[in-house]
Amino acid sequence: MNYKIKKPILKYNKNDSIIDKILKIRGIKNKEEFINPPSSCLHSPFELSNMKEACMKILKAIYDKKVIGLFADIDCDGVSSTAVMYKYLKQIGGNIKILYHQRKDNHGIKLSDVDKDVEFLLIVDSSTNSVEECKKISKRIDIVILDHHESDIENPYATIVNPQLNNYPNKALSGSGVCYKTCQAIDEILKTNYSYDVLDVAIIGLIGDMMNVSKLETRYLILHGLYKMNNKNKCDKNLKLILKALKKDFNINSTTISFYIAPLINSIIRLNKIEDAIFIFINDNEKDVKDKIKECIKLNDKRKKIQKNIVNKLKGEINNTNKIIVHIVNSDNGEKTLLGLVANNLMSIYKKPIILVSKNKDDGLLYGSARNNSITNIKEIINNSKLCKAQGHEGSFGIIGLSEENINKLVELLNNKITDKVEDIRTEVDLELKESEITMEQLEELEKLDIVVGQGFKEPQFLIKGLFKTDCKVMKDIHVKLLTQNLDCLKFNLEKDEVDKLTNCFAFDVIGGLSINSWYNFKTKKTIKTKQILINDINIY
């Protein structure tokens, strides 16, 4: 196993509970505030840039009965943002027309996206930096942008609400978070209370876009969105159907969204079917929504197969002799949109930065995705080189406009700049425990933390050594449950040789997340609860 024990930021006592130790290890002083953030941690929506002006323009467009075009970014946060604003504005009389383009058409609004009958444009989770396109569009209609992406250029052609553009205290709002705050602002103006109706839909974007869940306002919104989601009488009806189809309509937490709902939405979008993702969130016909959800789940399964095939194909093609892998992928549009996911897979295999690009038929240039696990800021180097543009985050960004003749120059440049060091990929362990220390009471308290985990506060990881196998169960040929005296240890999605190794072991050490597994036994008519650990890493004897 490859791990390191975290150094506590705050000193804890030996007799502290597991949850108290975790919080002190991570430097959290106020336990109650973190577990259950008070409403006082919420900031006024009018602290966001241009909020009042944006709200008044939206309300005037509704009052004037204008056709409001609603356009969003091509990801989970964009779909969540679209659903939030569509549902909310319909409640206050908005005439909304959904606008979109596909993932293959890249990010940002384009003039061609805006139909001629649109009289007012509302862009969500997108286009703060789309200056030239906004300039063209603004000659005909007014534009309001609700976004959260960082800005590297001034855009005077739209009214922009964005926490990155002023001193708003919480920078950890996604596009859907900004949309929700906008709904709150309109509620204040109209003295209504419709924004709560869309809170559970809004948190899908907050979690799906990996916002920092240690920020109290973001944590508060997610927590209360999950409370609403878990209440079948209050949960958004479309969301309820999605959760039911995924068989995840119980004990819903942030992991439910990050592992099931967000990947489903992103898979649909990456296969250039964003209209289907939007449909299942906003359509009112229950039967049609159910049918479309089934199609989307099949699309997700298709995406997994395509992705696996691309990875296997590229493993036989790529040049692995440099400090970075830069490879041209010959593929259709459907495969191009999966390059980011494939790059993630390849980076895990080769333990070095990856750039995958494919040729654009229109301009003959190369576009694609990059993933960086080195300590070198590759994105900055690429932008300074002027060989092409790199847009996005330091570890995950897009490649725009690279000419084929410049590939060797780019590889040579990065080869000289990249250090041999990579990010520390060891699993971070919060605590080492003995099996005897893990009680049901401790796990019940730990569940309070596990409701909201993610970027900024990841699920606590525990190291348990010297476990002896008492039984073993293999599920669907790829999942294994190792039983010990007091603990169920589960490992998922294994290759056959891995399954064989685990079934034949007699003792082991594990690293993973602890939780309670509960189910209803229809024979005994009782709810059964067991202590379990979901294994991230294992050492067998």
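Criteria and cut-off values
- Residues numbered from 1 in each chain as written.
- Predicted model: local features only at pLDDT ≥ 70, side-chain atom pairs only at ≥ 80, totals over all residues.
- Heavy atoms only, no water.
- 1 Å grid on protein atoms, 1.4 Å probe; cavity = no way out; pocket = protein on both sides within 12 Å on 5 of 7 lines; lining within 4 Å.
- Points joined across faces, edges and corners; volume = space filled by probe spheres on them.
- Helix = DSSP H or I, 4+ residues; strand = E, 2+ residues; numbered from the N terminus.
- Nonpolar A, V, L, I, M, F, W, Y, C, P; charged D, E, K, R; others polar.
- Buried < 20%, exposed > 50% of the residue type's maximum accessible area, 1.4 Å probe, protein only.
- Contact = heavy atoms within 4.5 Å.
- Disulfide = S-S within 2.5 Å.
- Axes fitted to C-alpha atoms, helices over the stretch in contact; angles between N-to-C directions.
- Parallel < 35°, antiparallel > 145°, perpendicular 65-115°, else oblique.
- Salt bridge = Lys/Arg side-chain N within 4 Å of Asp/Glu carboxyl O.
- Pairing = 2+ DSSP bridges.
- Expected span 1.5 Å × (residues − 1).

1. Observations regarding the layout of surface pockets
Over the atoms, a rolling probe the size of a water molecule traces out where space has been left empty.
Then step 1. By volume, the second largest pocket is sized at about 260 Å³.
Then step 2. If you trace the second largest pocket, you find 13 residues lining it, with K87, Q91, D236, K237 and D284 closest to the centre.
Then step 3. Secondary-structure elements contributing two or more residues to the lining of the second largest pocket are α4 (76–91) and α9 (237–245).
Then step 4. Per-element tally for the lining of the second largest pocket: the top contributor is α4, with 4 residues.
Then step 5. Across the lining of the second largest pocket, the residue classes tally to 3 nonpolar, 2 polar and 8 charged.

2. Some thoughts on the environment of N50
Then step 1. Residue position: N50 is located in the loop between α2 (31–35) and α3 (51–63).
Then step 2. The exposure class of N50 is partly exposed, given its relative accessible area of 38%.
Then step 3. For the pair N50 and V178, spaced 128 residues apart in sequence, the C-alpha separation works out to 12 Å.
Then step 4. Residue contacts for N50: discarding those within four places in its chain leaves T159, I160 and V161.

3. Details of the state of the cysteines
Disulfides are covalent bonds that link the sulfur atoms of two cysteine residues.
Then step 1. In total, this model carries 0 disulfides according to the counting rule given.
Then step 2. Of all cysteine sulfurs in the structure, the one in C179 sits closest to C134, which takes part in no disulfide; the separation is 15 Å.
Then step 3. We classify C134 as buried; its relative accessible area is 0%.

4. A short note on the packing of α9 against helix α11 (residues 274–282)
Geometrically, a packed helix pair is captured by the angle between its two axes and the distance between the axes.
Then step 1. Following both chains from N to C, one finds α9 and α11 inclined at 115 degrees, their axes separated by 7 Å at the closest point. Between α9 and α11, the angle falls in the class roughly perpendicular. Here N238, L239 and I242 of α9 come into contact with α11, specifically with F279, I280, F281 and I282.
Then step 2. Its residues assigned to classes, the contact of α9 with α11 comprises 6 nonpolar, 1 polar and no charged.

5. Here we look at the pattern of salt bridges
Then step 1. Summed over all chains, the structure comprises 23 salt bridges.
Then step 2. A salt bridge links D20 to K31, with the nearest nitrogen and oxygen atoms 3.1 Å apart. With D20 in helix α1 (residues 18–25) and K31 in helix α2, this pair connects stretches of sequence that are 11 residues apart.
Then step 3. The partner of K181 in a salt bridge is E217, and the shortest N-O contact between them spans 2.7 Å. Taken as a pair, K181 in helix α6 (residues 175–190) and E217 in helix α8 (residues 216–230) lie far apart in primary sequence, 36 residues in all. For the pair K181 and E217, a shared accessibility class is recorded, and that class is buried.
Then step 4. Among the charged side chains, a network of salt bridges with common partners joins K6, R26 and D430.

6. Some points on the pairing of strand β2 (residues 67–72)
Then step 1. Of all 6 residues that make up β2, 6 are buried, and the element is covered over most of its length.
Then step 2. With burial as the criterion, each face of β2 is covered, one bearing V67, G69 and F71 and the other bearing I68, L70 and A72.
Then step 3. Two elements, β2 and strand β3 (residues 95–99), share 5 bridges in a ladder whose sense is parallel. If you follow G69 over to β3, its bridge partner there is K97.

7. Observations concerning the sheet that holds strand β11 (residues 396–402)
Then step 1. Read from one edge of the open sheet, 5 strands run β7-β8-β9-β11-β10, paired in mixed fashion. For this open sheet the edge positions go to β7 (325–328) and β10 (389–392), each flanked by a neighbour on one side alone. When the angles between neighbouring strand axes are averaged without regard to direction, this sheet yields 20 degrees.
Then step 2. Here 6 bridges tie strand β8 (residues 354–359) to strand β9 (residues 366–371), and the two strands are oriented antiparallel to one another. Note that in β9 the partner of K359 across the bridge is L366.
Then step 3. Contacting β7, β8, β9 and β11, helix α16 (residues 407–417) crosses the sheet at an angle of about 165 degrees to β7.

8. Let's talk about α8
Then step 1. Its 15 residues give α8 an end-to-end C-alpha distance of 21 Å, which sits within 8% of 21 Å, the value for a rise of 1.5 Å per residue.
Then step 2. With 11 of its 15 residues buried, α8 lies for the most part within the structure.
Then step 3. Taken together, the buried positions of α8 are E217, T218, R219, Y220, L221, I222, L223, G225, L226, K228 and M229.
Then step 4. Looking at the packing, one finds that the buried side of α8 touches α2, α6, α7 (199–208), α9, α10 (254–270) and α17 (440–450).

9. Thoughts on the packing of α10 against helix α12 (residues 286–315)
Then step 1. Packing of α10 against α12 leaves a shortest axis separation of 9 Å and a crossing angle of 75 degrees. What the angle tells us is that α10 and α12 run roughly perpendicular. Facing α10, whose interface residues are P263, L264, S267 and I268, α12 presents C296, I297, L299, N300 and R303.
Then step 2. Considering only residue class, the contact of α10 with α12 consists of 6 nonpolar, 2 polar and 1 charged.

Just distances and angles here, no functional claims.
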